[in-house]
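The lines below spell out each chain.
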Amino acid sequence: MTERIQEFLRDRRNKGLDVEPCLVVDLEVVRDNYQSFAASLPDSRVFYAVKANPAPELLAMLASLGSCFDCASVAEIQMALAAGATPDRISFGNTIKKERDIARAFELGINLYAVDCAAEVEKVARAAPGAKVFCRILYDCVGAEWPLSRKFGCEPAMAVDVLDLAKRLGLEAYGISFHVGSQQRKLKSWDRALEMAAAVFRDCAERGINLSMVNMGGGFPTKYLKEVPAVVQYGRSIFRALRKHFGNQIPETIIEPGRGMVGNAGVIEAEVVLISKKSEADDVRWVYLDIGKFGGLAETMDEAIRYPIRSRHDGAEMRPCVLAGPTCDSADVLYEKMPYPLPVTLEIGDKLLIEGTGAYTSTYSAVAFNGFPPLKTYHI
Ligand SMILES: *Cc1c(COP(=O)(O)O)cnc(C)c1O
């Protein structure tokens, strides 16, 4: 929570504009985060994962700092271009693409594509002839708070065949990618993934395919309630792993931070709509906010991400509460299995500050479910 955000929220309240929840992102924090990534991993190109927060002001600032962009759709590619990135600084990093979208991206000048199977390679070969492709390998994501499933990537042995096919179809078999799982607090995760990547490099070399690049994905954490290692520690750990597994032939590398780039730059201000109990004897209060899973807090699914929450009563006695959103959908409960401690003096109408909400919030918010408007966002 920065001074600038506090001042912005104060001003918004004074103007009486605080009638709906809002997200405020401090772009100076994003700038610091970008510079930490660039300084801690000086030999890696930074491809910001646009899906984490695609606000035009944020993309424009990152573009001006020299960032590249990992995009998952034609619309995201167009946003990155509009922000000032040239096509050589953009990847189409989704392994699941329509052939006509690949063709459109190719027309826009995009030359770097993710694949994880033969059918996707065939699409890229037809729609983006001669382009560079990297093959995503599966990774189990142990230690990640928001793990990614088996949805993306293939077994390393299959990656060799996929890249071999790419080469035979006239594409440039460029490299390997992996993602260690989002909000990954284990520094060691990249070590094991890089070991797998190095093995694919060797197997490919034996088949005459010389790969050049390892895309080490995102996963860099942001601070919620638990402490997380600093970016510089990730940088050192990754560099050691690259040395260990690639010796003096370290390939070109890319990182794709999303959450780690923007998470701690944002704060959501929400309002307490109702505080109630389910029976007189109940000692757990239900606290209903004007924001929930459909208003941007979708990552509370399975109570995976636990945000720090502040109020004007900080310092008062705390008691566990069930925290829920305002919509008429019973899935719209944020924390129940593990109730959330909130001040006993909390009242209806109080504002709550939900911290660490710069990533994966604004674009998760529904357009008009139950008539609630999408989350208002300000980038300052
Ligand atoms: C979502 C995504 C990222 C960003 O992940 P974070 O954990 O937010 O850093 C990076 N790369 C790819 C391919 C992604 O899909």
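Residues numbered from 1 in each chain as written. Predicted model: local features only at pLDDT ≥ 70, side-chain atom pairs only at ≥ 80, totals over all residues. Heavy atoms only, no water.

### Some points on the site of the ligand
So, step 1. Contacts to the ligand come from 13 residues, most closely from Lys 51, Ser 182, Glu 256, Arg 259 and Tyr 360.
So, step 2. Within the side chain of Glu 256, one N or O atom sits 2.6 Å away from a nitrogen atom of the ligand.
So, step 3. Judged by the fraction of its atoms near the pocket grid, the ligand is located in the largest pocket.
So, step 4. Within the shell around the ligand, the residues separate by chemical class into 3 nonpolar, 5 polar and 5 charged. (Near = heavy atom within 4 Å. Polar contact = N/O pair within 3.5 Å; in protein donor to acceptor, adjacent residues only side chain to side chain. 1 Å grid on protein atoms, 1.4 Å probe; cavity = no way out; pocket = protein on both sides within 12 Å on 5 of 7 lines; lining within 4 Å. Sits in = over half its atoms within 2 Å of the grid points. Nonpolar A, V, L, I, M, F, W, Y, C, P; charged D, E, K, R; others polar.)

### Some words on the domain arrangement of the chain
So, step 1. Parsing the chain into structural domains produces domain 1 (3–23 + 264–379) and domain 2 (93–257).
So, step 2. Each of domain 1 and domain 2 has a C-alpha centre, and the two are 36 Å apart.
So, step 3. Listed as interface residues are 12 residues of domain 1 and, on the opposing side, 7 residues of domain 2.
So, step 4. Overall, the association of domain 1 and domain 2 removes approximately 840 Å² of surface from exposure, summing both partners, and the carbon and sulfur fraction of that is 65%. (Domains from an automatic or database assignment. Contact = heavy atoms within 4.5 Å. Buried area = accessible area lost by both parts, 1.4 Å probe.)

### So, the side chain of Asp 164
So, step 1. One can find Asp 164 in helix α7 (residues 156–168).
So, step 2. Look at Asp 164 and you get buried, because its relative accessible area is 16%.
So, step 3. Not counting chain neighbours up to four residues away, the residues in contact with Asp 164 comprise Arg 207 and Ile 209. (Helix = DSSP H or I, 4+ residues; strand = E, 2+ residues; numbered from the N terminus. Buried < 20%, exposed > 50% of the residue type's maximum accessible area, 1.4 Å probe, protein only.)

### Description of the UniProt feature "modified residue: N6-(pyridoxal phosphate)lysine" (unreviewed entry) in the chain
So, step 1. UniProt tags Lys 51 as "modified residue: N6-(pyridoxal phosphate)lysine" (unreviewed entry).
So, step 2. Among the secondary structure elements, Lys 51 is positioned in the loop between β2 (44–49) and α3 (56–65). (UniProt positions renumbered as here; feature names shortened; annotations may be inferred.)

### Observations regarding the nonpolar core
So, step 1. Grouped together as the largest cluster of nonpolar side chains are 99 residues, with contacts concentrated most on Val 30, Tyr 48, Phe 69, Tyr 113 and Phe 178.
So, step 2. With 8 residues, the single largest contributor to this core is helix α8 (residues 189–206).
So, step 3. No fewer than three residues from each of domain 1 (3–23 + 264–379) and domain 2 (93–257) sit in this core.
So, step 4. Apart from the residues lying within four places of it in its own chain, the contact partners of Tyr 48 are Asn 53, Leu 58, Leu 59, Leu 62, Ser 67, Cys 68, Phe 69, Asp 70, Pro 257, Gly 258, Met 261 and Val 262. (Core = buried A, V, L, I, M, F, W, Y, C linked by side-chain atoms within 4.5 Å.)

### A look at the UniProt feature "active site" (unreviewed entry) in the chain
So, step 1. Under the UniProt annotation, "active site" (unreviewed entry) lies at Cys 328.
So, step 2. Tracing the backbone through its elements, the reader meets Cys 328 in the loop between β15 (318–324) and β16 (333–343).
So, step 3. On the basis of relative accessibility, which here comes to 73%, the residue Cys 328 falls in the exposed class.

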